[in-house]
Amino acid sequence: MTLSLKIAHLYGDLMNTYGDIGNIIALKYYGKQIGVEVTSEIVSLEENFKAEDYDIAVFGGGQDFEQSVVAKDLTNKKNEITKFIENNGNMIAICGGYQMLGHYYIDADGNKLPGIGALDHHTEQQDNHRFIGNVLIKNEETGQEYKGFENHQGITFTGKDERPLGDIINGNGNNGTDNFEGAIYKNTYCTYFHGPVLARNGNLAKRILFSALKQKYPNVDFTESENNLEIYQY
Ligand code: GLN
């Protein structure tokens, strides 16, 4: 039996800042190492997203203009994306994608773009300022460290049932004040890390890959593949 996973690349033609597509390449690469076929397809404007069709969803970052276009289309996908997240779907959302999963995003010009409110965060505007640079964080639960590069004007405040992806060791993260970077809710991982985050942090890619596999194939023992997977961190 060939094992396979299918990725939805949400708005991959519009929201793909700084090589966020590398997250998909990383998942395919690690899948191949253990004989799992990972495929992906872009689900963009006016296309149907059906939660049960996908094992993983990737939602990249974007500029304010693209986010304003996506915000309008998201009203049609809101229910299915929320269902995907609530049903423990595995998702990685970067920067603009992270912002759009929350209640709203105030862009650099002060426009309020509605998010889908699947997660309880919201994103305010900085006063003519961006956070740009390298970030290092540590995840409380696993003790794992993650590295990334942030470039955002929005400042995000997490809400109910969201844990940070990590506590800041260096850099700004969500808002530069509460010491949090990113958010975890169920199997949805949000972060400001471009870079792309899964290529730089094999430990996180591994976590998402095996979570998706165990969900799809509950009767398969993945211990050996998990032990053998050779991951990269840099
Ligand atoms: N446009 C958003 C901001 O500036 C997101 C940027 C991004 O995805 N890099 O905050």
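Quick caveat: nothing in here was measured; it's all calculated off a predicted structure.

Caption draft 1: Representation of the overall build of the protein chain within the structure. Counting its secondary structure elements, the protein chain contains six helices and 14 strands. Taking 17 Å as the expected radius of gyration for a compact globule of 234 residues, we find that the protein chain reaches 17 Å, a close match to that expectation. The C-alpha extent of the protein chain, read off along each of the three principal axes, is 55 × 40 × 30 Å. When burial is assessed residue by residue, the protein chain has 53% of its 234 residues classed as buried. Of the contacts made within the protein chain by residues no fewer than 6 positions apart, 69% connect residues no fewer than 24 positions apart. Working note: accessible area of the protein chain is about 10300 Å², and carbon and sulfur atoms make up 46% of it. With 20 positive and 32 negative side-chain charges, the protein chain shows a spacing of 4 Å between the two charge centroids.

Caption draft 2: Structural detail: the site of the ligand. Around the ligand lies a shell of 15 residues, among which Asp64, Gln67, Cys95, Gly154 and His194 are the nearest. Contact distances for the ligand include 2.7 Å between a nitrogen atom and a side-chain N or O atom of Asp64. One of the side-chain nitrogen or oxygen atoms of Tyr105 is found 3.4 Å away from a nitrogen atom of the ligand. Bound to the protein, the ligand loses 98% of the 300 Å² it would expose on its own.

Caption draft 3: The arrangement of the packing of aromatic side chains in detail. Summed over the entire model, instances satisfying the criterion amount to eight aromatic pairs. An angle of 55° between the planes, with centres 6.1 Å apart, marks the rings of Tyr29 and Tyr232 as tilted. Of the two residues, Tyr29 sits in helix H1 (residues 22–33) while Tyr232 sits in the segment after helix H6 (223–228), which places them 203 residues apart along the sequence. Aromatic rings pair up to connect Tyr29, Tyr30 and Tyr232 into one cluster. Its end group placed over the ring of Tyr104, Lys112 keeps NZ or CZ at 4.2 Å from the ring centre.

Caption draft 4: Structural detail: H1. Look at H1: 16 Å from first C-alpha to last across 12 residues, which is about the 16 Å you get at 1.5 Å a residue. Against strand S1 (3–10), strand S2 (36–43), strand S3 (56–59), strand S4 (90–94), helix H4 (197–200) and helix H5 (202–216) lie the buried residues of H1. In the segment just after H1, Gly35 is the residue with positive phi, at about 75°.

Caption draft 5: How the structure looks around the sheet that holds strand S14 (residues 188–191). The mixed open sheet is built from six strands, whose spatial order is S2-S1-S3-S4-S14-S13. Where the open sheet ends on each side, the last strands, each with one partner, are S2 and strand S13 (183–185). Mean inter-strand twist for the sheet, computed between neighbouring axes without regard to direction, equals 15°. Across four bridges, S1 lies against S3 in parallel orientation. By the bridge assignment, Leu10 is partnered in S3 with Phe59. With respect to the sheet, H1 is in contact with S1, S2, S3 and S4, its orientation differing from that of S2 by roughly 160°. Docked against the sheet, H5 engages S1, S2, S3, S4, S13 and S14, running at close to 150° with respect to S4.

Caption draft 6: Main features of the side chain of Glu150. Residue position: Glu150 is located in strand S9 (residues 145–152). It turns out Glu150 is buried and unbridged, and the closest side chain with the opposite charge, Arg130, is 10 Å from it. At 3.0 Å, the side chain of Glu150 forms a polar contact with the backbone nitrogen of Gly173.

Caption draft 7: Just the pairing of S14, in detail. Here S14 shows no split at all, with Thr188 and Cys190 on one side and Tyr189 and Thr191 on the other all buried. Here S4 pairs with S14 via four bridges, running parallel. Bridging from a neighbouring strand, Met91 pairs with Thr188 of S14. Bridge analysis of S13 against S14 gives three bridges, and the strand direction is antiparallel. The residue bridging Ile184 from the neighbouring strand is Tyr189, located in S14. The antiparallel hairpin formed by S13 and S14 contains two residues in its connecting segment, where Lys186 sits at a positive phi of about 50°.

Parameters at a glance
- Residues numbered from 1 in each chain as written.
- Predicted model: local features only at pLDDT ≥ 70, side-chain atom pairs only at ≥ 80, totals over all residues.
- Heavy atoms only, no water.
- Helix = DSSP H or I, 4+ residues; strand = E, 2+ residues; numbered from the N terminus.
- Rg over C-alpha atoms; globule rule 2.2 N^0.38 Å.
- Buried < 20%, exposed > 50% of the residue type's maximum accessible area, 1.4 Å probe, protein only.
- Contact = heavy atoms within 4.5 Å.
- Areas by Shrake-Rupley, 256 points an atom, 1.4 Å probe, with all protein chains shown as cover.
- Lys, Arg positive; Asp, Glu negative; His and termini not counted.
- Charge placed at Lys NZ, Arg CZ, Asp CG, Glu CD.
- Near = heavy atom within 4 Å.
- Polar contact = N/O pair within 3.5 Å; in protein donor to acceptor, adjacent residues only side chain to side chain.
- Phe/Tyr/Trp six-rings, centres within 6.5 Å; stacked < 30°, edge-to-face > 60°.
- Lys NZ or Arg CZ within 6 Å of the ring centre and 35° of its normal.
- Expected span 1.5 Å × (residues − 1).
- Pairing = 2+ DSSP bridges.
- Axes fitted to C-alpha atoms, helices over the stretch in contact; angles between N-to-C directions.
- Salt bridge = Lys/Arg side-chain N within 4 Å of Asp/Glu carboxyl O.

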